[in-house]
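# Overview (structure and organization)
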Amino acid sequence: MELIISGGDKAIADFAERLSPARLGMALSVAVNDTVRQVRREAGKEIAAHSSIKRRKVEETIRMRYAAPGALEGRVIASGRPLPLRDFNPSATRSGVTVKVWGKTQRYKGAFLVSKYGGNVYVRESASRLPIHKMFGAGIAQVMRQHETDHILLGYGRSRLEINVRRQLDRYSAGSGGVNR
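Residues numbered from 1 in each chain as written. Predicted model: local features only at pLDDT ≥ 70, side-chain atom pairs only at ≥ 80, totals over all residues. Heavy atoms only, no water.

### Details of the sheet that holds strand β8 (residues 112-114)
Pairing within the open sheet is antiparallel, and its three strands lie in the order β8-β9-β10. Where the open sheet ends on each side, the last strands, each with one partner, are β8 and β10 (132-134). Between one strand axis and the next, the sheet turns through 45° on average, direction left out of account. The pairing of strand β9 (residues 120-124) with β10 spans three bridges and is classified as antiparallel. Bridging from a neighbouring strand, Val123 pairs with His133 of β10. (Pairing = 2+ DSSP bridges. Helix = DSSP H or I, 4+ residues; strand = E, 2+ residues; numbered from the N terminus. Axes fitted to C-alpha atoms, helices over the stretch in contact; angles between N-to-C directions.)

The structure is reproduced here in structure tokens:
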């Protein structure tokens, strides 16, 4: 799952006459990169709220690709791999394991925790002792597609991009002396 953030033309037209093309490109790339960082932080909050995954784990799996001055496009990329159930705060009960996934507590009968293997949740594949199978929950990209999180983040990204573009263009047009000089 990728969110693409690119510099728009609204705020650029006002500043195009005042800045050289090189400084204009630098200001816009800084604005896009600021927006990419802000969208990643907001994605961590939104996904953690919807999926019961810890925010730190979410932010570890979301990558950023920054904009270059010539290519004014940044990306927020979420991994598509499912996360092991250990990332959803499992707890062992007498009949199995309970895990909070998608904001709801779910019970997996017959499942068990193995602390020797990193606290992962396993279930037996047959009545015999072995083999055992590791259990997984949702992936970050899946959470972004569900629950309309991607639309929320795109709207947030658009609003932040406009603010960041105006701020950086004001900053770069002011020069070393400060604002309005």
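### Regarding the pattern of salt bridges
Under the definition given, this model contains seven salt bridges. Among the charged side chains, a salt-bridge network with shared partners connects Asp34, Arg37 and Arg167. (Salt bridge = Lys/Arg side-chain N within 4 Å of Asp/Glu carboxyl O.)

### Remarks on the side chain of Gln168
Turning to its location among the elements, Gln168 is positioned in helix α5 (residues 149-174). Setting aside residues no more than four positions away along its own chain, Gln168 makes contact with Ala27, Val30, Ala31 and Asp34. (Contact = heavy atoms within 4.5 Å.)

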